[in-house]
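Residue strings, one per chain:
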Amino acid sequence: MNVVFAVKQYVSKMIEDSGPGMKVLLMDKETTGIVSMVYTQSEILQKEVYLFERIDSQNREVMKHLKAICFLRPTKENVGYLIQELRRPKYSIYFIYFSNVISKSDVKSLAEADEQEVVAEVQEFYGDYIAVNPHLFSLNILGCCQGRNWDPAQLSRTTQGLTALLLSLKKCPMIRYQLSSEAAKRLAECVKQVITKEYELFEFRRTEVPPLLLILDRCDDAITPLLNQWTYQAMVHELLGINNNRIDLSRVPGISKDLREVVLSAENDEFYANNMYLNFAEIGSNIKNLMEDFQKKKPKEQQKLESIADMKAFVENYPQFKKMSGTVSKHVTVVGELSRLVSERNLLEVSEVEQELACQNDHSSALQNVKRLLQNPKVTEFDAARLVMLYALHYERHSSNSLPGLMMDLRNKGVSEKYRKLVSAVVEYGGKRVRGSDLFSPKDAVAITKQFLKGLKGVENVYTQHQPFLHETLDHLIKGKLKENVYPYLGPSTLRDRPQDIIVFIIGGATYEEALTVYNLNRTTPGVRIVLGGTTVHNTKSFLEEVLASGLHSRSRESSQVTSRSASRR
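Procedures and definitions
- Residues numbered from 1 in each chain as written.
- Predicted model: local features only at pLDDT ≥ 70, side-chain atom pairs only at ≥ 80, totals over all residues.
- Heavy atoms only, no water.
- UniProt positions renumbered as here; feature names shortened; annotations may be inferred.
- Helix = DSSP H or I, 4+ residues; strand = E, 2+ residues; numbered from the N terminus.
- Pairing = 2+ DSSP bridges.
- Axes fitted to C-alpha atoms, helices over the stretch in contact; angles between N-to-C directions.
- Contact = heavy atoms within 4.5 Å.
- Salt bridge = Lys/Arg side-chain N within 4 Å of Asp/Glu carboxyl O.
- Buried < 20%, exposed > 50% of the residue type's maximum accessible area, 1.4 Å probe, protein only.
- Lys, Arg positive; Asp, Glu negative; His and termini not counted.
- Polar contact = N/O pair within 3.5 Å; in protein donor to acceptor, adjacent residues only side chain to side chain.
- Right-handed = clockwise from strand over helix to strand, strands pointing away.
- Phe/Tyr/Trp six-rings, centres within 6.5 Å; stacked < 30°, edge-to-face > 60°.
- Expected span 1.5 Å × (residues − 1).
- Disulfide = S-S within 2.5 Å.

Identification of the protein chain as Vacuolar protein sorting-associated protein 45 from Enhydra lutris kenyoni is taken from an unreviewed UniProt entry. Under the Sequence similarities (unreviewed entry) heading, UniProt states for the protein chain: "Belongs to the STXBP/unc-18/SEC1 family."

Engineer: Just to check I follow, could you spell out unusual backbone geometry for this structure?
Structural biologist: Note on backbone geometry: most residues besides glycine have negative phi, and most peptide bonds are trans. Of note in this structure, asparagine 244 is not a glycine but carries a positive phi near 50 degrees. Relative to the elements of secondary structure, asparagine 244 occurs in the loop between β12 (242-243) and β13 (246-248).

Engineer: Quick question: what am I supposed to make of the sheet that holds strand β11 (residues 212-217) here?
Structural biologist: Strands belonging to one sheet form pairs held by backbone hydrogen bonds; the direction of such a pair is parallel or antiparallel. The strand order across the open sheet built from six strands is β6-β7-β17-β15-β11-β10, with neighbouring strands paired in mixed fashion. Where the open sheet ends on each side, the last strands, each with one partner, are β6 (130-133) and β10 (174-177). Going across the sheet, the axis of each strand differs from the next one's by a mean of 25 degrees, ignoring polarity. Packing against the sheet, helix α6 (residues 152-168) makes contact with β7 (136-138), β11 and β15 (501-507), and its axis sits at approximately 165 degrees to β15. Contacts between helix α19 (residues 512-524) and the sheet are confined to β6, β7, β15 and β17 (529-534), with β17 contributing the most and set at about 170 degrees to the helix.

Engineer: Where do I start with the pattern of salt bridges in this structure?
Structural biologist: Inspection of the entire model under this criterion finds 29 salt bridges. Across the pair aspartate 128 and arginine 157 runs a salt bridge, and its minimum N-O distance is 3.5 Å. Note that aspartate 128 is positioned in the loop between β5 (119-124) and β6 and arginine 157 in helix α6, a separation of 29 residues in sequence. Arginine 157 sits in the buried class, given a relative accessible area of 9%.

Engineer: Explanation requested: the side chain of lysine 67 in the structure shown.
Structural biologist: With respect to the helices and strands, the residue lysine 67 is situated in strand β3 (residues 67-72). Salt bridges are absent for the buried lysine 67, whose nearest opposite-charge side chain, glutamate 48, sits at 7.4 Å. Within the local environment of lysine 67, its side chain forms a polar contact with the backbone oxygen of serine 18, the two atoms lying 2.6 Å apart. Once residues within four sequence positions are removed from consideration, lysine 67 is found in contact with Ser18, Gly19, Pro20, Met22, Lys23, Val24, Ser92, Ile93 and Phe95.

Engineer: Would you explain the pairing of β17 in this entry?
Structural biologist: Strand residues, when the strand is regular, have side chains that alternate between the two faces of the sheet. Extensive coverage of β17 is indicated by the burial of five of its six residues. Examined bridge by bridge, β15 and β17 share six bridges and lie parallel to one another. Each residue of the ladder has a partner; that of isoleucine 502, found in β17, is isoleucine 530.

Engineer: It is not clear to me how the pairing of β3 should be interpreted in this structure. Could you clarify?
Structural biologist: With six of six residues buried, β3 is to be regarded as a mostly interior element. In this structure, β3 lies alongside strand β4 (residues 93-98), joined through six bridges in parallel fashion. Its bridge partner lying in β4, cysteine 70 is registered against isoleucine 96. The handedness of the β3 to β4 crossover, carried by helix α4 (residues 76-87), is right-handed.

Engineer: I'm lost on the packing of aromatic side chains in this one. Help?
Structural biologist: Here a ring pair, both rings aromatic, is described through the centre-centre distance and the interplanar angle of the planes. One pass over the full model with this rule turns up 13 aromatic pairs. Ring centres of tryptophan 230 and phenylalanine 280 lie 6.4 Å apart, and the angle between their planes is 55 degrees; on these two criteria the pair is classed as tilted. Of this pair, tryptophan 230 sits in the loop between β11 and α8 (232-239) while phenylalanine 280 sits in helix α10 (residues 280-297), and the two are 50 residues apart along the sequence. We note that tryptophan 230, like phenylalanine 280, is buried. Between tryptophan 230 and tyrosine 463, the ring centres sit 5.5 Å apart and the planes meet at 45 degrees, which makes this aromatic pair tilted. Placement of tryptophan 230 in the loop between β11 and α8 and of tyrosine 463 in the loop between α17 (445-457) and α18 (469-478) is noted, with a sequence separation of 233 residues between them. The exposure class assigned to tyrosine 463 is partly exposed, which follows from its relative accessible area of 21%. Ring pairing ties together the aromatic residues Tyr10, Tyr97 and Phe125, which thus form one cluster.

Engineer: Help me understand α6 in this model?
Structural biologist: In an α-helix, one turn spans 3.6 residues; hence positions three or four apart end up facing the same way. The end-to-end C-alpha separation of α6 is 24 Å, in line with the 24 Å expected for 17 residues at 1.5 Å each. Within α6, twelve of the 17 residues are buried, which leaves the element mostly enclosed by the surrounding structure. Every buried residue of α6 is listed here: Leu155, Arg157, Thr158, Thr159, Gly161, Leu162, Thr163, Ala164, Leu165, Leu166, Leu167 and Ser168. Its side-chain oxygen 3.0 Å from the backbone nitrogen of alanine 153, aspartate 151 forms the N-cap of α6. Just beyond α6, the residue with positive phi is lysine 170, at close to 55 degrees.

Engineer: Hey, could you run me through the state of the cysteines in this one?
Structural biologist: In a disulfide, the sulfur atoms of two cysteines are covalently bonded to one another. Following the criterion strictly, the structure yields zero disulfides and no others. Unpaired in terms of disulfides, cysteine 145 finds its nearest cysteine sulfur in cysteine 144, a separation of 3.9 Å. The thiol of cysteine 219 is unpaired, and the distance to the nearest cysteine sulfur, on cysteine 145, comes to 7.2 Å.

Engineer: Looking at this structure, I do not really get the sheet that holds strand β14 (residues 261-263). What am I missing?
Structural biologist: Spatially, three strands are ordered β12-β13-β14 in an open sheet, and the strand pairing comes out antiparallel. Looking at which strands have only one partner, the edges of the open sheet turn out to be β12 and β14. Pairing analysis gives two bridges linking β12 to β13, with the strands arranged antiparallel. Pairing of isoleucine 242 across the sheet is with isoleucine 247, part of β13.

In structure tokens form, the structure reads like this:
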């Protein structure tokens, strides 16, 4: 179950099926992102695709010597653009691939428009999601719910994305969902409807144990997306932001022109692939090794190119050297910037207190530490508000709850009203009243013993004590202990055996910390394969936008203005 491989295969097949000759790849805004996650432009160029165009771009030239490969989402707009295109074709022949199920009436409209008979084929290739890592996918939807219920347009898009994922992995699953979430039940029903309606597409070879789709809601764990991260991929997203593998470094002091935007993709960056799940301390020493390795391989300035053989060797090694030089400067810049932000924002200290708030149950120590950090001028308003949010979530019903005092401290520190209002919004979004599970106290004797022993032993790394709640959920699921009264099956049948192929989907967004959990479970649990997806992949900033967009905290005009602004910015 590898989502990057699944989408990559679709793109390769499209290009192969169109045969030899020069080609143009015609895409829409979303499919451009889907393809760019799995293929670089230079890789596609090697397959005779010389031009990349958007179907909605008005001023495309007529190029009858090119074949057109169209990869589009089956939306009304795209079908309209295609009809216009086929009435006045700009290319010699069209191979049309939709990323999801297309209606018969739309196919009929296209056939009627194709008067010049330029369409060679129309097919459905189900690459309708963003493949982030081999075991992680996203739909890039920010703000999927209004209150506790789905925004209808986003429900439709999520259903399409999730059913496309199942089709691309050739899975017809049994479905379980989080009972405490109305949105999870609704999505489960919508996916089931599509499977029933398109039953012919879902007729895959039966496996001994059917695959399982588990649908969860972000509201059940609002702690994980609020924490600072210390593994490479998660940390880059938290501090710099990853958008379709791209990182915007334009705000880095003294950045050179060619490093203003860099791409971090495990598919074609070996250093990133080997280090994305390691923690920050290890990355530092690995960067040093990368630099030393680079110094050794660097062509000597005074190297004499006397013979033809010398020149040949230099030219052959040059592309390797150039690629390595690009990799080195990119990672040195990224790690340098992470390092600068960590010390400028005092993040080691902030993170230690965050971890205490998420994992320990000592109220007076936590309160003292939060108060101390709120007095520290190096702590930004963003980090100050985040600490108070974590406190508010953990000690919401504690007898000595001191939230009003902390809110005063935030005001005195000069934290803007926007962030102060978000504290109550986060509690409204993921507080005790909403959660179907108990996030903070260990439930059974085994868990209590584990926590006690962990306390005795001391923690190997104070910055990474936290385990996302998803870890416990999946652990129970794999062992066949996940309670059916909390995560019921949709429909009458249940799974007798322990599941082997598991697809988990989080409404309201997953995180890279949860992706790391899934990566580790896949590595350490033989016979179990897990893929994680979410409406988006959050860092703290985007999670707070998600909370704002849900509009739960207040229905005032002011908050709706903020909501529409944050939604349109994406």
